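Spelled out from the first residue to the last, the chains are:
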There are 2 protein chains.
Amino acid sequence: MKAGIFVEAGKIETQDLPKPEIKAPTDAILKIVRACVCGSDLWWYRGISKRQLNSQVGHEAIGIVESVGSQVTNVKPGDFVIAPFTHGCGHCAACLAGFDGDCMTKTDSEIVGYQAEYLRFKNANWALVKIPGQPEDYSDEQLNDLLTLADVMATGYHAAASAEVKDGDTVVVMGDGAVGLCGIIGAKLLGAKRIIAMSRHEDRQKLAKSFGATDIVPERGDAAVARVLELTNGAGADAVLECVGTEQSIDTAVKVGRPGSIVGRVGVPQKTEMDTNDLFWRNIGLRGGIASVTTYDRGVLLDAVLQGKIHPGKVFTKRFDLDLIEDAYAAMDKREAIKSLLVVSA
Amino acid sequence: MKAGIFVEAGKIETQDLPKPEIKAPTDAILKIVRACVCGSDLWWYRGISKRQLNSQVGHEAIGIVESVGSQVTNVKPGDFVIAPFTHGCGHCAACLAGFDGDCMTKTDSEIVGYQAEYLRFKNANWALVKIPGQPEDYSDEQLNDLLTLADVMATGYHAAASAEVKDGDTVVVMGDGAVGLCGIIGAKLLGAKRIIAMSRHEDRQKLAKSFGATDIVPERGDAAVARVLELTNGAGADAVLECVGTEQSIDTAVKVGRPGSIVGRVGVPQKTEMDTNDLFWRNIGLRGGIASVTTYDRGVLLDAVLQGKIHPGKVFTKRFDLDLIEDAYAAMDKREAIKSLLVVSA
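Residues numbered from 1 in each chain as written. Chains lettered and ligands numbered in written order. Predicted model: local features only at pLDDT ≥ 70, side-chain atom pairs only at ≥ 80, totals over all residues. Heavy atoms only, no water.

Going by what an unreviewed UniProt entry lists, chain A is known as Alcohol dehydrogenase and is assigned to Oenococcus kitaharae DSM 17330. According to the UniProt record, the Sequence similarities (unreviewed entry) comment for chain A is "Belongs to the zinc-containing alcohol dehydrogenase family." Quoted straight from UniProt, the Cofactor (unreviewed entry) entry for chain A says "Zn(2+)". (UniProt positions renumbered as here; feature names shortened; annotations may be inferred.)

What follows is the structure in structure tokens.
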């Protein structure tokens, strides 16, 4: 089968690999329909973080179940499914509490290889999310919407859920990448009345507005804080979504919230230590982490996509065949694409 | 009037001072009935934190309104009131959101001087909490219960509220001081089913159990983490109350929670920087800060005391006349008292 391979920093290519096989009774083999490139893939692509050379890549896809292990009964061959990047078992304390992104049932190794024709998916019984019908029942746009439910839309929603956005809230969203843009959708789903998007790129500002942003703040740092306070009559935001992870973004996120607000963060933090006394003296909360993909898809997001309430697939501004995976990465690396779609089959 | 004065580290005494007067239209003058010593008072008493020499002290009291400024209409002379350590205006964004401990309407200076016969109380119109009847209508125990609503009980409740304790939860409470003990009461009020108190002092363990603790863990650090995981079948707690503020206590608090749980902290953090990546990768939340005393008293706590549902006044294990303020501080400093009561009048 064809599969995306990380050769070395800056070099990714499609190679021929053996088709994966069921190894555990909880596995499923999926025939991938569509996959995509994540902003977090750029870290190792750019050589900022380490990754094993000549390893398979990708962690977002939709596909068709081809075969299942003996303990997989919730899905069967032929089912059309979302393949989340998370692999919740569905029965540990974390999964039961709705935090399947931190499933406590350990799987055997890092989970990757979604940018390929076939994928061995672990903990398939609970983690996979069944989509009604077959790929051909959906429009091209709908397939893209469904694909975002493997990670980016669920992650944006997690930022909003972690920030505990509620009806009528004024919300600030830090970051205008695909996750931040999906955070806007998430905030709106949770009832936000006013959504202030921190964005300085015209194409992303436009998408932010189409997703529900009511105000755009292009400033950064102290100027951004001043602007948000001005927009909120000095009060600050009721909830803040942090979808970047840089020190400056987290710092700004903490400062734009009113006392008692929560920063819901999904941007992987680049700095380990942070001054949490700023949080304490203003009762600012800090929540977030890895999204609960299966929980959110089943509970809210799949229905919202199927009913056409949300259109997160618009974050895919460029599409590529799996053979051209190198171009897909390069387009994101050069910021020519907000997010690159990989058409694998169908 | 008699008033407690911080002379220098280790030296506190009762001196004669002029009676305070109304200075702002939002002031009230209170005749103090009972006051008390806070664990946080020990910092400057011990010379760990700085405080202006020869300054008035104390931030918890109940008393009778003696006079009010022209803008104070919610209370009138003769009213029996709780004098919270917080001074919410009631109309800023923070107060409206229920975070009056972070009121955004600035008062003119640090608020102290509750350990005295009279007190000038700022933002009196909204912040003071009226108690039905007069002091003589209450038993000695009830007066002590009411006094805790000026700070310690509200602060313990804030830890539980910040940790978002909900019905049926398993909760860990870090700290067996007066605040931690009130945290147990707060967790129970919010529906906790199981309350694991971290305590190594027999008298405090006993009080913890009488307040609702179901399990006692005397271990600290890694041993404490192991014990909590053992008690919760490896899951960890649904919510954690951090009522100490030391680096070790915060570290343990983060480790004993299950993924997705929140550490509600009210222990003033001793260290500024902390590793928040531990939080991120397990979706552990961090909330808390200064308690919303007026909000909690009016919403939940005053009724709970008046109905005899809670008895937080038990944290006062020694009582002193205002003249013997030095002994009141010494008793807490030497851990001979969990919390020292000061009988001022009545």
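## Section: the sheet that holds strand 2 (residues 11-16) of chain B
Residues and elements named next belong to chain B. Pairing in this open sheet of three strands is antiparallel, and the strands run 2-1-4 from one edge to the other. If you trace the sheet from one side to the other, it starts and ends with strand 2 and strand 4 (55-56), each paired once. Docked against the sheet, helix 12 (residues 325-333) engages strand 1 (2-8) and strand 2, running at close to 155° with respect to strand 2. (Pairing = 2+ DSSP bridges. Helix = DSSP H or I, 4+ residues; strand = E, 2+ residues; numbered from the N terminus. Contact = heavy atoms within 4.5 Å. Axes fitted to C-alpha atoms, helices over the stretch in contact; angles between N-to-C directions.)

## As for the nonpolar core
Residues Ile-62, Phe-80, Leu-146, Ile-184 and Leu-241 of chain A are the most contacted members of the largest nonpolar core, which totals 55 residues. Of the residues that make up this core, three or more belong to each of domain 1 (2-151 + 292-343) and domain 2 (156-288) of chain A. Cys-36, Ile-82, Tyr-157 and Ile-310 of chain B belong to the second largest nonpolar core, which has 54 residues in total. (Core = buried A, V, L, I, M, F, W, Y, C linked by side-chain atoms within 4.5 Å. Buried < 20%, exposed > 50% of the residue type's maximum accessible area, 1.4 Å probe, protein only. Domains from an automatic or database assignment.)

## Let's talk about the packing of helix 6 (residues 178-189) of chain A against helix 7 (residues 202-211) of chain A
All names here are of chain A. Two elements in contact, helix 6 and helix 7, have axes separated by 9 Å at closest approach and are oriented at 15°. In this view, helix 6 runs roughly parallel relative to helix 7, as classed from their interaxial angle. Judged by the sense of rotation from one axis to the other, the crossing of helix 6 with helix 7 is right-handed. For the pair helix 6 and helix 7, contact is made by Leu-181, Ile-184, Ile-185 and Lys-188 and by Arg-204, Leu-207, Ala-208 and Phe-211, respectively. Here the contact of helix 6 with helix 7 is built from residues that sort into six nonpolar, no polar and two charged. (Parallel < 35°, antiparallel > 145°, perpendicular 65-115°, else oblique. Left-handed = near helix turned anticlockwise from the far one by under 90°. Nonpolar A, V, L, I, M, F, W, Y, C, P; charged D, E, K, R; others polar.)

## Here we look at the packing of helix 8 (residues 221-231) of chain A against helix 9 (residues 247-256) of chain A
Any two packed helices are characterised by how steeply their axes cross, that is the angle between the axes, and by the distance between the axes. Residue and element names in this part refer to chain A. Helix 9 packs onto helix 8 with a crossing angle of 25° between their chain directions and a minimal axis gap of 9 Å. Comparing the axis directions of helix 8 and helix 9 gives the class roughly parallel. The handedness of the crossing between helix 8 and helix 9 comes out as right-handed. Contact residues: helix 8 offers Gly-221, Asp-222, Ala-224, Val-225 and Val-228, while helix 9 offers Gln-248, Thr-252, Lys-255 and Val-256. Its residues placed into classes, the contact of helix 8 with helix 9 shows four nonpolar, three polar and two charged.

## Focus: the domain arrangement of chain A
All names here are of chain A. Once the domains are mapped, chain A shows domain 1 (2-151 + 292-343) and domain 2 (156-288). Put simply, the middle of domain 1 and the middle of domain 2, counted by C-alpha atoms, are 27 Å apart. On the side of domain 2, 18 residues touch domain 1, which itself brings 17 residues to the contact. By the criterion of area lost to domain 2, the three top residues of domain 1 are Tyr-296, Arg-335 and Ile-338, representing 37% of everything that side buries. On the surface where domain 1 and domain 2 come into contact, there are zero salt bridges. (Buried area = accessible area lost by both parts, 1.4 Å probe. Salt bridge = Lys/Arg side-chain N within 4 Å of Asp/Glu carboxyl O.)

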